[in-house]
Amino acid sequence: MTTNGSQLTKYASSMASAGLDRINISLDSLKIDRFRELTRNGDLNTVLAGIEAANKAGFKRIKLNAVIMKGRNEDEIIDLARFAINHDLDITYIEEMPLGQVSHARDESYCSSDEVLAELKTVFELQPSVTNTGGPSRYYQVAGTNSKIGFISPHSHNFCESCNRVRVTTEGRLLLCLGQEHSVDLRDIIRRYPEDSERLKQAIIDSMSIKPEGHDFNIESEAVIKRHMSVTGG
Ligand code: SF4
């Protein structure tokens, strides 16, 4: 599950006991004001308390997700990695995806994974890792720690050809690609056929035939997908 972490103090422990074993928590800044600005109204301390609660709840692995943008938070690349390492967490750095309307120029804020990796290597010893979570991240082990650092690079290293990811939104929509609108309304099926789990399973299987080949992201033009990342989760 991917979360902004704002409700974890309340729900981390019940989600872990319900069988959820891995979560991703978005954390783009460790500065209170900047965090509020980037998330539009988020409270950093609430999220940090949520991360603490998740750590105590006993998830198998917790990963932080940080979208790095020039002129906004690229000066926190090292601090975010240190935070993850000190809390025994993994962290993935993500190139900003052109989803939804924003007020900044995406080609100016674009920070490639290679730039982030180069900066991290000035401080940490990173060993390429064979870890594969079934998703698009490339991982490095931070030598002498339990933490891994990952990179999701939709622009510089397009990974669509190996993508097996689908996502369920909070409205029960099975979204087959972050960069497209192909989806199946699972909530509708559950409401119409509440007792028929076979029908639901078949709808999920059938949906794979419309999974798109990939995105049409272009940071130099207007976003083609109006849906913000926060609607879907990472
Ligand atoms: S853009 Fe779509 S196909 Fe490409 S990696 Fe993301 S979800 Fe997968």
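Here the structure is a predicted model, which is why all the values come from computation and not from measurement. Each chain has its residues counted from 1, following the order in which its sequence is written. Local features in a predicted model are, by the rule used here, given only for residues with pLDDT of at least 70; side-chain atom pairs are given and counted only at 80 or more, and totals for whole chains, interfaces and linings are based on all residues. Working from all heavy atoms in the structure, the side-chain values ignore hydrogens and water.

### Some words on the site of the ligand
Where we set the bar: Near residues are defined by distance, with any heavy atom within 4 Å of the molecule or strand qualifying the residue. Residues are sorted three ways: Asp, Glu, Lys and Arg are charged, Ala, Val, Leu, Ile, Met, Phe, Trp, Tyr, Cys and Pro are nonpolar, and all the rest, Gly among them, are polar.
As a structural note, the neighbourhood of the ligand is formed by Phe 159, Cys 160, Cys 163, Arg 167, Cys 177, Leu 178, Gly 214 and His 215. A breakdown of the residues in the shell around the ligand according to their chemical character gives five nonpolar, two polar and one charged.

### Structural notes on the environment of Asp 90
The test is simple: Only runs of H or I of at least four residues qualify as helices and only runs of E of at least two qualify as strands under DSSP, and these elements are numbered from the N terminus. Should any heavy atoms of two residues lie within 4.5 Å, those residues are counted as being in contact. For this analysis, a polar contact is any N or O atom pair within 3.5 Å, provided that within protein one partner can donate a hydrogen and the other can accept it, and provided that sequence-adjacent residues contribute only side-chain to side-chain pairs.
Within the secondary structure, Asp 90 sits in strand S4 (residues 90-95). Sequence-distant contacts of Asp 90, that is, excluding residues within four places in its chain, are made with Arg 61, Ile 62, Lys 63, Leu 64, Ala 84, Asn 146, Ser 147 and Lys 148. At a separation of 2.7 Å, a polar atom in the side chain of Asp 90 contacts the main-chain amide nitrogen of Lys 148.

### Thoughts on the packing of aromatic side chains
To keep it simple, the criterion reads: Between the rings of Phe, Tyr and Trp (Trp by its six-membered ring), a pair exists once the centres lie within 6.5 Å; its type follows the angle of the planes, with under 30 degrees stacked, over 60 edge-to-face, and the other angles tilted. With a 1.4 Å probe rolled over the protein chains alone, any residue whose accessible area is under 20% of its type maximum counts as buried; one over 50% counts as exposed, and the rest are partly exposed.
Per the counting criterion, the structure on display carries two aromatic pairs. Look at Tyr 93 and Phe 151: their rings are 6.0 Å apart centre to centre, the planes differ by 25°, and that puts the pair in the stacked class. With Tyr 93 in strand S4 and Phe 151 in strand S7 (residues 148-152), this pair connects stretches of sequence that are 58 residues apart. With relative accessibility at 1%, the residue Phe 151 sits in the buried group.

### Focus: the environment of Gln 127
Checked against the element boundaries, Gln 127 lands in strand S5 (residues 126-128). Taking the C-alpha atoms as reference, Gln 127 lies 5.2 Å from Tyr 140; in sequence the two are 13 residues apart.

### Here's the deal with the sheet that holds strand S2 (residues 22-26)
Inclusion rule: Here the rule is simple: two strands pair whenever DSSP picks up at least two bridges between them. Note on geometry: axes are lines fitted to C-alpha atoms, helical ones only across the stretch in contact, with angles between N-to-C directions running from 0 to 180 degrees.
Reading across the sheet, the seven strands line up as S1-S2-S3-S4-S7-S6-S5 and stay open at both edges, with mixed pairing between neighbours. Of all the strands in the sheet, just strand S1 (2-3) and S5 have a single pairing partner and so form its edges. The sheet contact formed by S5 and strand S6 (residues 138-142) spans three bridges and is antiparallel. Across the sheet, the residue bridging to Gln 127 is Gln 141, located in S6. Together, S2 and strand S3 (61-68) form the strand contacts of helix H3 (residues 44-57), whose direction differs from that of S2 by roughly 165°. Here helix H4 (residues 77-86) sits on the sheet in contact with S3, S4, S6 and S7, set at roughly 150° to S4.

### Looking at the pattern of salt bridges
We apply this condition: Any Lys or Arg side-chain nitrogen found within 4 Å of a carboxyl oxygen on Asp or Glu counts as a salt bridge.
As enumerated under the stated definition, the model contains ten salt bridges in all. Measuring nitrogen to oxygen at the nearest pair gives 2.7 Å for the salt bridge that ties Glu 76 to Arg 34. Separated by 42 residues along the polypeptide, Glu 76 in the loop between S3 and H4 and Arg 34 in helix H2 (residues 32-39) bring together distant segments of the chain. Considered together, Glu 76 and Arg 34 belong to a single accessibility category, that of buried residues. Between Lys 201 and Glu 198 there is a salt bridge whose closest N-O contact spans 3.3 Å. Taken together, the residues span about one helical turn, with Lys 201 and Glu 198 both in helix H8 (residues 197-207) at a distance of three residues.

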